[in-house]
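Listed below are the residues making up each chain.
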There are 4 protein chains.
Amino acid sequence: MADADKKRSDKRERILDGALKAFAKKGFYNTKVSEIASEAGVADGTIYLYFKNKDDLLISLFEDRMEWIIDRLKTELSDMEGGAVAKFRHMVTIHCRLAVENPELAEFITVELRQSAKFVKEYENPKFGDYLKILQSLIEEGQQTGAMRDDVDVRLVSRACFGALDEVLLQLTLSQAGPEEVDAKAAQIAGMLVDGLVAK
Amino acid sequence: MADADKKRSDKRERILDGALKAFAKKGFYNTKVSEIASEAGVADGTIYLYFKNKDDLLISLFEDRMEWIIDRLKTELSDMEGGAVAKFRHMVTIHCRLAVENPELAEFITVELRQSAKFVKEYENPKFGDYLKILQSLIEEGQQTGAMRDDVDVRLVSRACFGALDEVLLQLTLSQAGPEEVDAKAAQIAGMLVDGLVAK
Amino acid sequence: MADADKKRSDKRERILDGALKAFAKKGFYNTKVSEIASEAGVADGTIYLYFKNKDDLLISLFEDRMEWIIDRLKTELSDMEGGAVAKFRHMVTIHCRLAVENPELAEFITVELRQSAKFVKEYENPKFGDYLKILQSLIEEGQQTGAMRDDVDVRLVSRACFGALDEVLLQLTLSQAGPEEVDAKAAQIAGMLVDGLVAK
Amino acid sequence: MADADKKRSDKRERILDGALKAFAKKGFYNTKVSEIASEAGVADGTIYLYFKNKDDLLISLFEDRMEWIIDRLKTELSDMEGGAVAKFRHMVTIHCRLAVENPELAEFITVELRQSAKFVKEYENPKFGDYLKILQSLIEEGQQTGAMRDDVDVRLVSRACFGALDEVLLQLTLSQAGPEEVDAKAAQIAGMLVDGLVAK
DNA sequence: GATGAATGAGGGTTCATTCAT
DNA sequence: TATGAATGAACCCTCATTCAT
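Here is what the cut-offs are and how they apply
Residues numbered from 1 in each chain as written. Chains lettered and ligands numbered in written order. Predicted model: local features only at pLDDT ≥ 70, side-chain atom pairs only at ≥ 80, totals over all residues. Heavy atoms only, no water. Least-squares fit on C-alpha atoms with pLDDT ≥ 70 in both. Contact = heavy atoms within 4.5 Å. Phe/Tyr/Trp six-rings, centres within 6.5 Å; stacked < 30°, edge-to-face > 60°. Buried < 20%, exposed > 50% of the residue type's maximum accessible area, 1.4 Å probe, protein only. Lys NZ or Arg CZ within 6 Å of the ring centre and 35° of its normal. UniProt positions renumbered as here; feature names shortened; annotations may be inferred. Helix = DSSP H or I, 4+ residues; strand = E, 2+ residues; numbered from the N terminus. Salt bridge = Lys/Arg side-chain N within 4 Å of Asp/Glu carboxyl O. Buried area = accessible area lost by both parts, 1.4 Å probe. Polar contact = N/O pair within 3.5 Å; in protein donor to acceptor, adjacent residues only side chain to side chain. Nonpolar A, V, L, I, M, F, W, Y, C, P; charged D, E, K, R; others polar. Near = heavy atom within 4 Å. Domains from an automatic or database assignment. Axes fitted to C-alpha atoms, helices over the stretch in contact; angles between N-to-C directions. Left-handed = near helix turned anticlockwise from the far one by under 90°. Parallel < 35°, antiparallel > 145°, perpendicular 65-115°, else oblique.

You'll find chain A entered in an unreviewed UniProt entry as TetR/AcrR family transcriptional regulator, with Persicimonas caeni given as the organism.

When chain A is brought onto chain B, the operation consists of a screw motion whose angular component is 180° and whose axial shift is 0.0 Å, with 0.1 Å RMSD remaining. On the angle and the small slide along the axis, the relation comes out as a two-fold axis. Across chain A, the rotation axis passes nearest the C-alpha of G196 of chain A, at a separation of 1.7 Å. Both copies share a contact surface, since 100% of the interface residues of chain A are interface residues in chain B too.

This part covers the packing of aromatic side chains. In this structure the tally under the stated criterion is 26 aromatic pairs over all chains. Pairing F28 of chain B with Y29 of chain B gives two aromatic rings, centres 5.0 Å apart and planes at 80°, and the pair type is edge-to-face. Under the relative-accessibility criterion, F28 of chain B is labelled buried at 2%. Owing to a relative accessible area of 24%, Y29 of chain B belongs among the partly exposed residues under this scheme. Residue placement shows K54 of chain D over the ring face of F28 of chain D; its charged tip is 4.5 Å from the ring centre.

The feature "domain: HTH tetR-type" (unreviewed entry), as annotated in UniProt, sits at residues 9–69 of chain A in this numbering. In residues 9–69 of chain A, the share of helix is 80% and the share of strand is 0%. The end C-alpha atoms are 19 Å apart.

The subject of this paragraph is the relation of the copies chain C and chain D. Note on the copies: chain C fits chain D at an RMSD of 0.1 Å, the axial shift is 0.0 Å, and the rotation between them is 180°. Most of the interface of chain C is mirrored in chain D, where 100% of its interface residues again form contacts.

Glancing now at the pattern of salt bridges. Residue and element names in this part refer to chain C. Following the criterion strictly, the structure yields 52 salt bridges over all chains and no others. Across the salt bridge formed by E67 and K127, the nearest N and O atoms sit 3.5 Å from each other. Residue E67 is located in helix 4 (residues 54–78), and its partner K127 is located in helix 7 (residues 126–144); the two are separated by 60 residues in the primary sequence. On the accessibility criterion, K127 (18% relative accessible area) is buried. Notably, a salt bridge pairs R149 with D151, separated by 2.8 Å at the nearest N-O pair.

For the rest of this paragraph, the subject is the interface of chain A and chain B. Listed as interface residues are 53 residues of chain A and, on the opposing side, 53 residues of chain B. Here chain A meets chain B over a buried area of about 4600 Å², counting both sides, of which 60% is carbon and sulfur. A per-residue breakdown of the area chain A buries against chain B is headed by R114, R149 and L197 of chain A, which together make up 18% of the total. Taken together, chain A and chain B are joined by 2 salt bridges. Close ionic contact of E167 of chain B with R159 of chain A constitutes a salt bridge, the shortest N to O distance being 3.1 Å. Our count for the chain A to chain B interface comes out at 12 residue pairs in polar contact (both at pLDDT 80 or more). For the side of chain A that touches chain B, the elements supplying multiple residues, two or more each, are helix 1 (2–26), helix 5 (84–101), helix 6 (103–119), helix 8 (154–174) and helix 9 (179–195) of chain A. By residue number, the principal contributor to the side of chain A that touches chain B is helix 8 of chain A, which donates 14 residues. Looking at the side of chain A that touches chain B residue by residue, the class counts come to 27 nonpolar, 11 polar and 15 charged.

The next point concerns the side chain of K54 of chain B. Residues and elements named next belong to chain B. Along the chain, K54 falls in helix 4 (residues 54–78). Of note is the side chain of K54, whose polar atom sits 2.9 Å from the backbone oxygen of F28. Setting aside residues up to four positions removed in sequence, K54 forms contacts with F28, Y29, T31 and V33.

With that out of the way, let us pick up the UniProt feature "DNA-binding region" (unreviewed entry) in chain A. The UniProt feature table records "DNA-binding region" (unreviewed entry) at residues 32–51 of chain A. Along residues 32–51 of chain A, the helical share is 75% and the strand share 0%, with 15 Å between the first and last C-alpha atoms.

This brings us to the protein's contact with DNA strand E. In the region of DNA strand E, 29 residues are neighbours, and V33 of chain A, T46 and Y50 of chain B, Y48 of chain C together with T46 of chain D sit closest. At the protein interface, 70% of the atoms of DNA strand E within 4 Å belong to sugar or phosphate. Take K54 of chain C: an N or O atom from its main chain is 3.1 Å from a phosphate oxygen of DNA strand E. By residue number, the principal contributor to the surface near DNA strand E is helix 3 (residues 44–50) of chain D, which donates 5 residues. Across the surface near DNA strand E, the residue classes tally to 12 nonpolar, 10 polar and 7 charged.

Our next topic: the protein's contact with DNA strand F. Around DNA strand F, the surrounding shell holds 30 residues, and the nearest of these are T46 of chain A, Y48 of chain B, T46 and Y50 of chain C together with V33 of chain D. Across the atoms of DNA strand F situated within 4 Å of the protein, the share located in sugar and phosphate is 69%. Between DNA strand F and the protein, one listed contact pairs a phosphate oxygen with a side-chain N or O atom of Y50 of chain A at 2.8 Å. K32 of chain D places a polar side-chain atom, nitrogen or oxygen, 3.3 Å from a phosphate oxygen of DNA strand F. Here the element with the most residues in the surface near DNA strand F is helix 3 (residues 44–50) of chain A; it accounts for 5 residues. Split into classes, the residues belonging to the surface near DNA strand F amount to 12 nonpolar, 10 polar and 8 charged.

All names here are of chain A. Here the domain parsing of chain A yields domain 1 (1–51) and domain 2 (55–195). Once you take the C-alpha centre of each, domain 1 and domain 2 turn out to be 26 Å apart. Listed as interface residues are 16 residues of domain 1 and, on the opposing side, 15 residues of domain 2. Across the domain 1 to domain 2 interface the summed buried area is about 1400 Å²; carbon plus sulfur atoms make up 68%.

Moving on, we get to the interface of chain C and chain D. On the side of chain D, 53 residues touch chain C, which itself brings 53 residues to the contact. Here chain C meets chain D over a buried area of about 4600 Å², counting both sides, of which 60% is carbon and sulfur. Connecting chain C to chain D are 2 salt bridges. Linking chain C to chain D there are 13 residue pairs in polar contact (both at pLDDT 80 or more). Of all elements in the fold, only helix 1 (2–26), helix 5 (84–101), helix 6 (103–119), helix 8 (154–174) and helix 9 (179–195) of chain C reach the threshold of two or more residues within the side of chain C that touches chain D. The element contributing the most residues to the side of chain C that touches chain D is helix 8 of chain C, with 14 residues.

So, about the packing of helix 5 of chain A against helix 9 of chain A. All names here are of chain A. Where helix 5 contacts helix 9, the axes come no closer than 8 Å and their chain directions differ by 140°. You can see that helix 5 and helix 9 cross each other, and the crossing is right-handed. Counted together, V85, F88, R89, V92, T93, C96, R97 and V100 of helix 5 and P179, V182, D183, A186, I189, A190, G191, L193, V194 and D195 of helix 9 form the full contact between these two elements.

Okay, the packing of helix 7 (residues 126–144) of chain A against helix 8 of chain A next. All names here are of chain A. At a minimum axis distance of 9 Å, the contact between helix 7 and helix 8 shows a crossing angle of 120°. Between helix 7 and helix 8, the angle falls in the class oblique. Two packed elements cross with a definite hand, and for helix 7 against helix 8 that hand is right-handed. On helix 8, the residues that touch F128, Y131, L132, L135, Q136, I139, E140 and Q143 of helix 7 are V154, R155, V157, S158, R159, C161 and F162. Residues that form the contact of helix 7 with helix 8 fall into these classes: 9 nonpolar, 3 polar and 3 charged.

Structure below.
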């Protein structure tokens with residue numbers, strides 16, 4: 001029973017992996033279901049035993065991978081000492097490190113998040129909302145502890161921060177930057193967001 | 001002769017307008033060429049008198065609209081008094097105002113820029129590069145005049161700024177914010193990018 | 001396994017049959033793929049599981065049917081007693097009998113061989129070459145045994161003979177001649193080619 | 001008035017020339033009307049002032065060129081001394097010389113005569129019938145004067161002869177044979193048709 | 001008469017999805 | 001459960017023909 005479940009979830013995972021690889025390389029609309037199947041080592045029809053259709057596969061992949069990212073982020077942040085600003089800086093680093101640790105996922109997220117998700121009928125993308133909420137809470141925490149300015153709309157600036165991170169992540173991924181370079185650049189971005197561009 | 005030229009460029013413009021409307025609403029891959037044609041009030045085949053194929057239409061639309069945006073931006077910035085920081089703040093505002101002044105264009109740019117352009121074979125998107133260069137030069141100017149910190153990589157932070165602006169523009173567009181709200185939010189984002197999130 | 005193979009080759013054969021019928025009736029360029037599909041009793045898309053495209057279907061049909069014709073011809077000729085002249089006469093008869101035995105194939109070959117094949121990109125039509133070679137060898141054999149004149153270029157006259165046969169086959173097919181008539185006319189043509197038009 | 005007529009017929013001729021060139025090179029179905037127009041140096045629409053449609057253009061081209069061929073043939077034959085057999089031999093030569101004298105026309109006739117004409121709705125191709133009649137009359141004359149065997153169906157053997165000539169003409173054209181070679185080969189073919197393949 | 005931009009029906013091909021095995 | 005052959009709706013693009021200038 002547990003064996004059967006495991007087997008099932010293995011195959012599901014293989015399909016998601018195949019889809020991630022394919023979507024990262026060619027994009028959702030340019031990827032054929034049959035390519036995903038062959039990447040996953042299953043038959044075309046098998047995909048429809050695990051997912052309702054191609055859209056559902058995309059959405060499931062988002063959910064699954066965002067959950068993984070969020071879990072990882074929460075763990076790392078909760079293990080951390082320090083105030084909101086330090087945590088914010090660390091979050092920037094973790095975000096950017098995806099370019100090194102899982103470039104395919106990075107490419108998938110940065111490229112597909114907006115467009116595909118937008119046009120896949122009525123999908124709200126709750127996990128992406130969760131990710132934003134983490135950013136928001138950090139900034140709110142900073143405001144409440146007096147570490148961060150409170151004359152800005154938290155939802156607005158958190159989105160702006162996400163946009164900055166997302167764009168930088170895309171560049172880091174495409175340029176295939178190494179770990180040190182990624183950390184260094186993450187630090188610069190964090191510095192800009194925290195302290196601003198003006199000279200002190 | 002001039003008449004014929006005008007007519008021709010009018011029709012081309014109508015097709016681009018139709019494509020913009022259609023792409024903004026449904027995305028490149030979900031838009032049929034026939035929908036663009038009907039939106040533009042021309043026959044399907046007419047589109048192929050002005051553009052090589054659907055991809056070329058997308059690329060041409062990018063080129064055309066980015067050029068318009070860049071021209072407008074350059075004019076406004078060159079008319080301006082003040083240093084690099086003031087100009088930077090103004091650029092943020094101009095960027096955000098697109099949400100009000102041309103929401104369809106805003107939606108098109110924010111949503112299609114990354115994905116479609118990425119998977120349309122070998123397109124380098126030079127106009128987008130031009131836009132980034134304006135941001136870069138502003139920051140470089142700020143660094144040279146001592147107004148901005150020079151311990152950051154200009155290319156990196158300019159991209160981060162663009163990411164922030166792009167994401168905010170998308171939100172402003174989708175939320176159908178009014179002109180005052182847009183200006184207010186633009187000011188906040190400019191404030192964050194210039195002075196940072198930390199409390200002073 | 002053998003079952004699946006059989007099924008597959010059955011369906012391929014059904015498509016070729018449908019194509020033959022359709023091409024014979026309306027010609028290659030006036031036949032829609034969907035007509036072939038409906039003639040074959042398969043879906044449009046199925047055709048593309050067995051053939052690369054419409055051109056490939058045409059070429060495959062040539063190959064397949066010419067091979068069948070050649071095999072049949074070789075068998076009949078090798079079973080035969082008699083010298084090169086007798087064999088040549090028999091070959092003329094076999095060629096003409098196609099008008100009775102398989103009028104669709106006769107129409108297809110006589111009408112499509114030149115044009116379609118010529119303009120289907122870079123197709124060399126090797127099977128047609130094989131057919132010509134049989135004619136050539138017969139004539140060469142006749143020359144070597146002294147039964148046929150050797151003051152003519154074998155390649156040239158074999159082509160001329162083929163042209164004569166081809167044209168006669170077309171007429172016989174279109175006139176829907178019966179078996180006896182076909183044999184009688186074949187004998188006349190053989191007579192002309194062997195003995196010439198002059199009175200003896 | 002006569003001037004206007006001349007001008008009109010000049011343009012018509014230019015279009016026919018363009019069509020001949022285009023059809024010879026790419027075949028009827030692969031030739032676009034616009035290609036013919038550009039070859040002829042006229043606008044696309046102009047073609048429809050002179051011909052009902054593309055089919056009509058093809059048919060008119062046949063008529064026109066066959067008429068030219070027939071006129072030429074009749075003149076040459078009527079100027080000739082000698083009996084039916086000599087005339088027949090000469091006709092073979094004249095036919096083959098087309099490969100040198102007008103290769104485009106040769107290619108057009110040999111390739112398009114059967115197929116295109118067959119599928120262009122209900123066209124009877126009367127000029128081609130006229131050409132065959134010349135062959136027929138020669139053979140009939142030969143039979144009546146006792147120079148040719150009369151145990152063969154004239155219509156049948158004339159078609160066979162045409163088939164042989166047509167095929168040989170195609171080969172000569174494609175191989176770009178020179179005038180001497182063409183005459184030599186024509187003589188061989190005439191020899192075969194007149195005296196037969198058997199050794200004497 | 002001549003033009004050539006515009007038309008739009010038509011067709012080859014793709015590919016997400018189904019279902020018999 | 002897994003397969004993969006079969007399906008057929010959908011869509012991009014072509015090109016013969018028209019017609020306003």
